[in-house]
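These are the residues of each chain, in order.
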Amino acid sequence: MKINIISVVLLIIPFGGWSQLKPMDAAQVQVFEQSLSQLERVQTLEADFVQYKHMSFMKTAIVSKGKLYLKGTNLLRWSYLTPFVYDMVFKDGKIQINDEGNKRSIDVGGSAQFEKISKLVSSSIRGGKYDQREFQVGYFIKDGVNMVRLTPKVTQAKKYFTTIDVIFSSTDKHIQEVVLTEPSKDYTRFVLSNKKINKHIDDTIFNL
Amino acid sequence: MIRFLTFSAFVVFLLSSCRSYQYLDAVGVRPENAKEVNTFFLDTSTALIYRAKVEAFSKPINGSVFLKTVSPQEHRVAFVNDFGQTLFDISIFSDGHKSHFIAPELAKKSMQETLADIFRIITERRFANAALIFKDKQHYPVYIAGDSYYKLKRNVVDNIVTVRGGREQLVVDFNSPKDAIPEQIEVQHKKYPLKVNLIFERYDQSK
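The rules we used
Residues numbered from 1 in each chain as written. Chains lettered and ligands numbered in written order. Predicted model: local features only at pLDDT ≥ 70, side-chain atom pairs only at ≥ 80, totals over all residues. Heavy atoms only, no water. Helix = DSSP H or I, 4+ residues; strand = E, 2+ residues; numbered from the N terminus. Areas by Shrake-Rupley, 256 points an atom, 1.4 Å probe, with all protein chains shown as cover. Phe/Tyr/Trp six-rings, centres within 6.5 Å; stacked < 30°, edge-to-face > 60°. Buried < 20%, exposed > 50% of the residue type's maximum accessible area, 1.4 Å probe, protein only. Lys NZ or Arg CZ within 6 Å of the ring centre and 35° of its normal. Pairing = 2+ DSSP bridges. Contact = heavy atoms within 4.5 Å.

Participant: What should I look at first to understand the overall build of chain A in this one?
Facilitator: Within chain A, the regular secondary structure consists of 4 helices and 12 strands. Counting only carbon and sulfur atoms, one obtains 54% of the accessible surface of chain A, whose full area is about 11,100 Å².

Rendered as structure tokens:
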């Protein structure tokens, strides 16, 4: 029997690692939204994150790692630890930055992408509702876990992102991953791990 | 009086527009036979990743620069800030550039051209047809390719000065202790308050 390459590929495809993306039906959306509403009890979050930047013409992603701290609705700290040390605190409408000892403060919005992801992480952690004026919101099951796909409606945001995927953990139901896809199809993944929810975080963490 | 001032202004304009660039300590020029002066970015088998610190109009931006040699005449360069946001992704040719993505805040034509100029001078393979002569420096190789001066050290480029209208436009310093690729690249724009500092991080190796 002759087995050609095409037959082998066709045989392998159903078992391959390709992501399965399926829209939720109405009942699934309702269950998912109920699980989100329970997240409103989250007061603090401490987690590790890994940021992967994928460029179409590069073989490997740029990987950065760090820690995330969230307290209440107004305090958020992103600390990059490797391969560089860089701290950002979102507080009182400003972003305070500590870049290897050089401290400065900029208005929120100085980085469109970071402002977006920070708001999304903050609100997703608490099961926040997504702004339907700003995004078209789609609910999906991806590889067995819940995913919200936000497609920007506003022209300015469209220049930066085509979609923002927020993926939730199948175990603790909290946000697990955010994927921002740019108009060029290049994308950035932020993956959270070691989540500690409602553990005490001292206010001094948010002073740089 | 008005006639005198008008004449003086005309003379000043004429002198400044006719001024030619004088490389420090050079006393003459000699012909050279197509000397290859920038050989750093010829390898198409891998891409390079640099840690980038940019100071543009007093605004610091940190991130990574991805640099891929598509062919000796084409280089693809992308700058991604520390938050993972692509600021620009362009292909650079010797006579132009093509934008794959450019953040709205950098979309001005003059800004794109400035960025392309900076990374063209860093990456472009050039051949010099002239070299400078120095009175007191016997082994001080500085070659001229078009509007740029290439100072070599151990036969690889160490410094480039580009000149427009008789003035320095870009000054690029390479630090390449192993001579294979630059470990550090510093660019200073002489017209705008713009500095770029690149430190080699790793090769893009591989799946």
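That shown, we press on.
Participant: Would you explain the packing of aromatic side chains in this entry?
Facilitator: A complete count under the given rule lists 22 aromatic pairs over all chains for this structure. Arranged with centres 6.4 Å apart and planes meeting at 85°, the rings of Phe-84 of chain A and Tyr-86 of chain A form a pair that is edge-to-face. The buried category is assigned to Phe-84 of chain A, whose relative accessible area is 6%. Aromatic side chains Phe-134 of chain B and Tyr-140 of chain B sit 5.0 Å apart centroid to centroid with 85° between the ring planes, which places their arrangement in the edge-to-face category. Following the ring pairs from residue to residue traces out a cluster consisting of Phe-49, Trp-78, Tyr-80, Phe-84, Tyr-86 and Phe-190 of chain A together with Phe-83 of chain B. If you follow Arg-189 of chain A out to its NZ or CZ, it ends over the ring of Tyr-52 of chain A, 4.9 Å from the centre.

Participant: Just checking my understanding: could you explain the pairing of strand S2 (residues 47–56) of chain B for this structure?
Facilitator: For a regular strand, the rule is simple: side chains alternate between the two faces of the sheet. Residue and element names in this part refer to chain B. Most of S2 is tucked away: 8 of the 10 residues are buried. Alignment of S2 against strand S3 (residues 59–71), held across 10 bridges, turns out to be antiparallel. Note on S3: the bridge partner recorded for Glu-55 is Pro-60. Taking the residues that link successive antiparallel strands as the turn, the S2-S3 hairpin has 2 residues, and the phi of Phe-57 there is positive, at about 50°.

Participant: Any chance you could explain the pairing of strand S5 (residues 86–93) of chain B here in plain terms?
Facilitator: All names here are of chain B. Extensive coverage of S5 is indicated by the burial of 7 of its 8 residues. Bridge analysis of strand S4 (residues 74–81) against S5 gives 7 bridges, and the strand direction is antiparallel. The partner of Val-80 across the bridge, within S5, is Thr-86. A loop of 4 residues connects S4 with S5, the two strands running antiparallel in sequence, and Gly-84 in this loop sits at a positive phi of about 90°. In this sheet, strand S6 (residues 96–102) lies alongside S5 in antiparallel orientation, the contact comprising 6 bridges. Within S6, the position partnered with Ile-90 by the bridge is Ser-99. Taken together, S5 and the strand that follows it, S6, pair antiparallel across an intervening segment of 2 residues.

Participant: Which parts of the structure should I look at to understand the environment of Ala-47 of chain A?
Facilitator: Residue and element names in this part refer to chain A. Within the element layout of this structure, Ala-47 appears in strand S2 (residues 44–54). Overall, Ala-47 belongs to the buried group, its relative accessible area being 0%. Spatially, the C-alpha atoms of Ala-47 and Ser-193 are 5.8 Å apart, while their sequence positions differ by 146 residues. Residues in contact with Ala-47, not counting those within four places in the same chain, are Gly-66, Lys-67, Leu-68, Ser-193, Asn-194 and Lys-195.

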